[in-house]
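Structural overview
Here is how the chains run, residue by residue.
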Amino acid sequence: MLSRNRWKPILIAAAALAAVGAAVAACLMYEPAIAPIQPPAPASIDRELALRGARVVALGDCAVCHTAPGGKPYAGGLPLSTPFGTLYTTNITPDAQTGIGSWSLDAFRRALRRGIARDGHQLYPAFPYVHYTRMSDDDIAAAYAFLMRRDPVVAKAPDNDLIFPLNFRQLVAFWNVLFLRPGPDAPDPAQSVAWNRGRELVTGLGHCAACHSPLNPIGAESWGKALHGGVVDGWEAPSLVRLSRARVPWTEADLVTYLRTGMSARHGAAAGPMLPVTQELATVPLQDVQAMATYLFSLQQPAGDPAPSHAAEVDRQAIARGAVLFRGACASCHGEKAPMQSVGGRPGLATSSAVQAATPRNVIQMMLLGVPWQGEQPMHYMPAFGATFDDAQLADLAMYLRATYSTLSPWQDVPQAVAAIRKGDATR
Ligand code: HEC
Ligand code: HEC
Ligand code: HEC
C-alpha cells in the first residue's frame, strides 16, 4: 500500500502541471487592448487608397455578411446560423461607439490577421479571418481607408445566441492554435505573378475555401481538404479541384465568365450563397478574376477513381409524375422550345452542375427558392416553388430531372432530402 507520503510528490507535480497549464491557457487567451483613436476625419484619408479599398471589400464580400436584410451597408446585424447557435455580424462603419470608428489601422489589421477585436476579445471564426490573414498589408490598409471614409452608422448587433460552452469567446484561442496560421504566404518565385495573385485572392480575401471545403466536427475546415467541396446553408458548394472533370469540363474562360456574370452557358447559374459572391466579383477588375482562374486551374486533380455509384432503384412512377409537373410548371422556361432557351449563353439542364451533382441538394434548393428577381436581367429569374409544391411533388420533379438530364445513377432518399432541406436542418 502506498503511504500518503509517497503520493505527495506526485500530487505536487500534478498541481504544478495544472498551474502551468492554466498559465499557458491564460497566456493564450489574453490579448491586450489596442488604444482607441479619434475617428479620422474622412478628408484626411487618401482617396486613391480608399478607391482601391472598394475593390478589396468587394473581393472579400465584406458587405455580404456585414449588412442585415434591408439594413444599411456595413452596419452589421445579419444573423448567421451555425451548428452551434446564431451569431450576428457587427457594425464595421466608422461609428466610434457601435462600429470601428475608434480602431487604428493596427487594430483593424490584428482583427483580420488574428481574429482579435480592438479591446482584446476573441472573434468567432464565422468571421473568416483564418482566410483574411493571407491578405497583403496593402489590401488591408486599402480596406481600412475605404471603411473609414464611409458615413458612420449607429447600430449595435443583437446579442449572440450560442450554446454552452461556446458562448465563452476565450475558447476560440484554442481553436486558433489548431486552425489559424497567421500571415500571408511568401510569393512562390517558380510561379507567375498572376498565379501568386490568384492564390492570395482564392485562399485569402476571396475565402472560397470557407464554403467549398468539408468541415470537421468542430466546425473547422478539414485539414488537407481545402476546396474539395462542402455544404453551406443547406447548399452543396461543389469541389473546385475537380472542375476539369465535370461532365463538360470547365475551361478557364468558363470560370471567369461564371464568376463575373453569375452564369456559365455550359454549367449553370450561380444561386444560393454563391449568387452574392458573383455579384461582388462583377465589380472588380477582370484581371483579378483571371488570376483566380489561373490559380484554381493549377489545383485540378487528375482523373482518379470514379465517384462510387450506388445501385439505386429507379422509381418510374415518381419520374412519370415529375414529367407531368415539369410540363406544367417548368417547360415554359426550361422546355426545348421555350423563349428562354433561345437567348444565347444560357445553361441547359443537361449540363447543369446541380443536376449532375452527387446529391439532389442544389436542385431542391433551386426549386424551393428560385432565382430572385434582379431588375437588370429579366431573363435571369425563376419563381420559387416552395409554396406551390409539397415535398412529394418536389421529390418527383428532382427525380425526373435526374433521369432526364443526366446519365448518372438516381439520387437516393430524395423525399427525405426535400423534407430535411425545407426544415433547414440540412446545414452542414
Ligand atoms: C462570412 C461572413 C463574414 C464576412 C464575409 C466578413 N465578416 Fe467581418 N465579421 C463576421 C462576423 C460574424 C463577425 C463578428 C464575430 C464575433 O462577434 O465574434 C465579424 C467581425 C468583424 C470585425 C470585428 C468588428 C468588431 O466590432 O468586433 C471586423 C473588423 C470585420 N469583421 C471586418 C470584415 C472585413 C474587412 C471583411 C471583408 C474583407 C469582413 N469582415 C467580411 C462575419 C463576416
Ligand atoms: C420563369 C422561368 C422559369 C421557370 C418557370 C422555371 N425556371 Fe428553373 N431556372 C430559370 C432560370 C432563369 C434559371 C437560372 C439559369 C438560367 O438563367 O438559365 C433556372 C435554373 C434552374 C435550375 C438550375 C440549373 C442551373 O443553373 O444549374 C434548375 C434545376 C431548375 N431551374 C429547375 C426548374 C424546375 C424543376 C422548374 C419547375 C418546377 C423550373 N425550374 C421553372 C427559370 C425558370
Ligand atoms: C458563401 C459561400 C461561398 C463562397 C464564399 C464561395 N462559394 Fe462558390 N459556390 C457556393 C455554393 C453554395 C455553390 C453551389 C450553388 C451554385 O451552383 O450556384 C457554389 C458554386 C461555385 C461554382 C460552380 C461549381 C460547379 O461545379 O458548378 C464555382 C466555380 C465557384 N462556386 C467558385 C467559387 C470561387 C472561385 C470562390 C471564391 C472567390 C467561391 N466560389 C466562393 C458557395 C460559395
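All figures in this text were calculated on a predicted structure; none of them were measured in a lab.

Turning to the UniProt feature "binding site: heme c 1" (unreviewed entry) in the protein, a few remarks are in order. Per the UniProt entry, the sites bearing "binding site: heme c 1" (unreviewed entry) are Cys62, Cys65 and His66 in this numbering. For Cys62, the location among the structural elements is in helix 3 (residues 62–65). Judged by relative accessible area, which is 17%, Cys62 ranks as buried. In this view, Cys62 contacts Val57, Tyr74 and Ile92; residues no more than four positions away in its chain are not counted. Within the secondary structure layout, His66 lies in the loop between helix 3 and strand 1 (79–82).

The next point concerns unusual backbone geometry. Cis rather than trans, the peptide bond between Phe164 and Pro165 has omega equal to 0 degrees. Assignment of secondary structure puts Pro165 in the loop between strand 3 (161–162) and helix 7 (172–179). Phi is positive for His207, which is not a glycine, with a value near 35 degrees. Inspection of the secondary structure puts His207 in the loop between helix 8 (193–205) and helix 9 (209–212).

In the region of ligand 3, 25 residues are neighbours, and Cys208, Cys211, His212, Met274 and Ser353 sit closest. Within the backbone of Ala269, one N or O atom sits 3.5 Å away from an oxygen atom of ligand 3. With respect to ligand 3, the backbone of Ala271 contributes an N or O atom lying 2.6 Å from an oxygen atom. For the shell around ligand 3, the secondary-structure elements that each account for two or more residues are helix 9, strand 5 (235–237), helix 10 (252–261), helix 11 (274–281) and helix 12 (286–297). When its residues are assigned to classes, the shell around ligand 3 shows 19 nonpolar, 5 polar and 1 charged.

Analysis parameters
Residues numbered from 1 in each chain as written. Chains lettered and ligands numbered in written order. Predicted model: local features only at pLDDT ≥ 70, side-chain atom pairs only at ≥ 80, totals over all residues. Heavy atoms only, no water. UniProt positions renumbered as here; feature names shortened; annotations may be inferred. Helix = DSSP H or I, 4+ residues; strand = E, 2+ residues; numbered from the N terminus. Buried < 20%, exposed > 50% of the residue type's maximum accessible area, 1.4 Å probe, protein only. Contact = heavy atoms within 4.5 Å. Near = heavy atom within 4 Å. Polar contact = N/O pair within 3.5 Å; in protein donor to acceptor, adjacent residues only side chain to side chain. Nonpolar A, V, L, I, M, F, W, Y, C, P; charged D, E, K, R; others polar.

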